[in-house]
Amino acid sequence: MNKITKLISILLSIAMLMTISLVFASAASSSYNPAIGDVYTTGPYTVTLNDVSSDKIPDVINILDHIILRNYDKKTGIFAIAYQLKGTPGFQNVWPSDYFLITPSASCSEEYKEDFVLEKQYDSTVDPKFTHYLPYKIRFSITVSRPAIEHNGDATCENAGTCTVCGETYTATCKGGTATCVKKAVCDVCGKEYGEFDADNHNWSNLNGICANGCGTECTHTNQTGKACGICGQKLYKTLSGTVTSFGSETDEVTLLLYQAGDRENAYETTVTGNSAEYAFERIEEGEYILEVLKDNHATRFYEVTVGEVNVTVDAKIHLIGDIDGDGTITVTDYSKTLKHVKKTTQLEGYEMQCADIDGNGKITIADYSKSLRHVKKTAFLW
Ligand SMILES: [Zn+2]
Ligand SMILES: [Zn+2]
Ligand SMILES: [Zn+2]
Ligand SMILES: [Zn+2]
């Protein structure tokens, strides 16, 4: 079979299939009425229905029942516009299903836009029940458009060829390979680099947050899911910082330890000086921590800290031993609090209790009260 015979036989068998399917479609849904201005697409083409008219078909409520674009042939650029006409209510006859072939002709590399008027005449053999109106003529007006597309054919980037759609001689663009942030794609055919760098195609495989391709880009860690960046896989660290307030010596160090419960040995540690000092732990993984704050002559204090998806600020304050209210001195207020605790009239709790437990035996007794009193009376200083 030569090419044309083959094409005609394919189109004829498709037309037969269309007729059958359109009859079924029509039976299932008679409400599908193509409207002026409707837009259809097939392959790279857009078809707009501009107008429909007929001669000698009076009393027809919908001239067109269906429009379907099909059979776009990539090799030739030809496609079919299939349609079915519709009878009046009361005449349940099936009117012709038919098609037009559209052959856009233009260079593929240019935008295409053309108006077509499609016209067909039918004779009375089509609709024996409706003989006094036949023969009749149906007419559509459509606009076919298409953006510029690539030529089609056997040409490669090395050997020119003829485009099967538009007939121009062309050379194909290179293909294959993958561009990265530092390398253009390498063509599968000619082996040369082509196209552009892909500024977004980094290689985060070394998990240090810096592109392994060598472009110098650091991952911005915008995809923060869980404990590691979802893009580069780098562990996500957070900062824990704040101000630590203490009393007494301005030059004694304040030590801050940060550890997970039960793992004080592997604590992060930092020291600061001054009675109001800034501290920071710069690279902390997410988790639950204990922040321990120590300074000579002070009651050690523990804070529970949760480091989550954002940086955390914890301001800490430690008191001199015996200074329950944290004003920097021991006064009657402090030792009377101790006494009330001993007499069980007002219980001290938490850090207040630690400040009051001067001998550090875990209990608050009259001995702690006496030491506190001696400090105030200047007979024996606690610090
Ligand atoms: Zn072409
Ligand atoms: Zn190539
Ligand atoms: Zn890169
Ligand atoms: Zn990252």
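A brief look at the structure comes next.

Parameters at a glance
Residues numbered from 1 in each chain as written. Chains lettered and ligands numbered in written order. Predicted model: local features only at pLDDT ≥ 70, side-chain atom pairs only at ≥ 80, totals over all residues. Heavy atoms only, no water. Buried < 20%, exposed > 50% of the residue type's maximum accessible area, 1.4 Å probe, protein only. Helix = DSSP H or I, 4+ residues; strand = E, 2+ residues; numbered from the N terminus. Pairing = 2+ DSSP bridges. Arc of directions from axis to C-beta. Contact = heavy atoms within 4.5 Å. Core = buried A, V, L, I, M, F, W, Y, C linked by side-chain atoms within 4.5 Å. Domains from an automatic or database assignment. Axes fitted to C-alpha atoms, helices over the stretch in contact; angles between N-to-C directions. Donors = N, O, S within 2.8 Å, 3.2 Å for Na, K, Ca; no water. Salt bridge = Lys/Arg side-chain N within 4 Å of Asp/Glu carboxyl O. Tetrahedral: all angles 85-135°; square planar, octahedral: opposite > 155°, others 65-115°. Phe/Tyr/Trp six-rings, centres within 6.5 Å; stacked < 30°, edge-to-face > 60°. Lys NZ or Arg CZ within 6 Å of the ring centre and 35° of its normal. Parallel < 35°, antiparallel > 145°, perpendicular 65-115°, else oblique. Left-handed = near helix turned anticlockwise from the far one by under 90°. Nonpolar A, V, L, I, M, F, W, Y, C, P; charged D, E, K, R; others polar.

As a further point, take the pairing of strand β15 (residues 253–259). Counting buried residues in β15 gives six out of seven residues, a clear majority hidden from the surface. Direction of pairing for β15 relative to strand β16 (residues 268–273): antiparallel, over a ladder of six bridges. Bridge pairing in β16 links Thr255 to Thr271. Across five bridges, β15 lies against strand β18 (residues 287–294) in antiparallel orientation. When the bridges of β18 are listed, Thr255 appears paired with Leu294.

Now for helix α4 (residues 366–376). Turning to α4, its buried residues are Asp368, Tyr369, Ser372, Leu373 and His375. End-on, the buried residues of α4 take up no more than an arc of 155°, which puts them together on one face. Residues of α4 that are buried in the fold lie against α2 (332–342) and α3 (350–356). Phi for Lys378, located one or two positions after α4, is positive at around 65°.

Another aspect to go through is the nonpolar core. Within the largest apolar cluster, 27 residues are counted, with the highest numbers of intra-cluster contacts made by Leu240, Val244, Leu256, Tyr279, Leu291, Val293 and Val305. Elements represented by at least two residues in this core include exactly β14 (237–245), β15, β17 (276–285), β18, β19 (301–307) and α3. Considering each element in turn, this core owes the most residues, four residues, to β17. Each of domain 3 (237–317) and domain 4 (332–376) contributes no fewer than three residues to this core. Setting aside residues up to four positions removed in sequence, Leu291 forms contacts with Leu256, Leu257, Leu258, Tyr279, Phe281, Arg301, Phe302, Tyr303, Val305 and Val314.

The subject of this paragraph is the environment of Leu348. Inspection of the secondary structure assignment puts Leu348 in the loop between α2 and α3. On the accessibility criterion, Leu348 (5% relative accessible area) is buried.

A few words on the sheet that holds β16. Think of a sheet as strands paired side by side through backbone hydrogen bonds, with each pair either parallel or antiparallel. Across the sheet, four strands lie side by side as β16-β15-β18-β19; this open sheet has antiparallel pairing. Only two strands of the sheet have a single neighbouring strand rather than two, namely β16 and β19. Mean inter-strand twist for the sheet, computed between neighbouring axes without regard to direction, equals 25°.

The zinc ion (ligand 2) binds to the protein through Cys157 (SG), Cys174 (SG), Cys187 (SG) and Cys190 (SG); the donor distances cover 2.3 to 2.4 Å. Spacing between the donor residues of the zinc ion (ligand 2) along the chain follows C-x16-C-x12-C-x2-C.

This brings us to the pattern of salt bridges. Pairs can form between side chains of opposite charge whenever their charged atoms are close. Scanning all chains against the criterion turns up seven salt bridges. Where Lys183 meets Glu193, a salt bridge forms, and the shortest distance between an N and an O atom there is 3.8 Å. Of this pair, Lys183 sits in the loop between β9 (169–170) and β10 (185–186) while Glu193 sits in strand β11 (residues 193–194); the two residues are ten residues apart in sequence, bridging distant segments of the chain. One salt bridge connects Arg264 with Glu292, and the closest N-O pair in it is separated by 2.7 Å. Note that Arg264 is positioned in the loop between β15 and β16 and Glu292 in strand β18, a separation of 28 residues in sequence. Classification of Glu292 as buried rests on a relative accessible area of 4%.

Regarding α2, the residues found buried are Asp334, Tyr335, Thr338 and His341. Buried residues of α2, seen end-on, are gathered within an arc of 110° and therefore sit on one face of the element. Contact partners of the buried residues in α2: α3 and α4. The positive-phi residue at the C-terminal boundary of α2 is Lys344, with phi of around 60°.

Donor atoms from the polypeptide that bind the zinc ion (ligand 3) are Cys181 (SG), His202 (ND1), Cys211 (SG) and Cys215 (SG), placed at 2.1 to 2.2 Å. Seen from the zinc ion (ligand 3), its four donor atoms lie at angles of 101 to 115°, and the figure they make is tetrahedral. Site description for the zinc ion (ligand 3): donor spacing in sequence, C-x20-H-x8-C-x3-C. Taken together, the residues span a long stretch of sequence, with Cys181 in the loop between β9 and β10 and Cys211 in the loop between β11 and β12 (224–225) at a distance of 30 residues.

Here we take up the packing of aromatic side chains. Per the stated rule, a full pass over the model turns up eight aromatic pairs. Seen from their ring centres, Tyr279 and Phe281 are 6.1 Å apart, and the 70° between their planes marks the pair as edge-to-face. Here Tyr279 and Phe281 have matching classes, each one buried. Ring geometry for Tyr335 versus Tyr369: centroids 6.0 Å apart, planes at 75°, classification edge-to-face. Taken together, the residues Tyr335 in helix α2 and Tyr369 in helix α4 connect sequence positions 34 residues apart. Across the ring face of Tyr99, the terminal group of Lys120 is positioned such that the distance to the ring centre comes to 5.6 Å. The cationic tip of Lys184 hangs over the ring face of Phe197; the distance from NZ or CZ to the ring centre is 5.5 Å.

Next up on the list: the packing of α2 against α4. At a minimum axis distance of 9 Å, the contact between α2 and α4 shows a crossing angle of 165°. On the basis of the axis angle, α2 is roughly antiparallel to α4. Seen along the crossing, α2 lies across α4 with a hand that is left-handed. Where α2 abuts α4, its residues Tyr335, Thr338, Leu339 and Val342 lie against Ile366, Asp368, Tyr369, Ser372, Leu373 and Val376. Grouping the amino acids of the contact of α2 with α4 by side-chain chemistry returns seven nonpolar, two polar and one charged.

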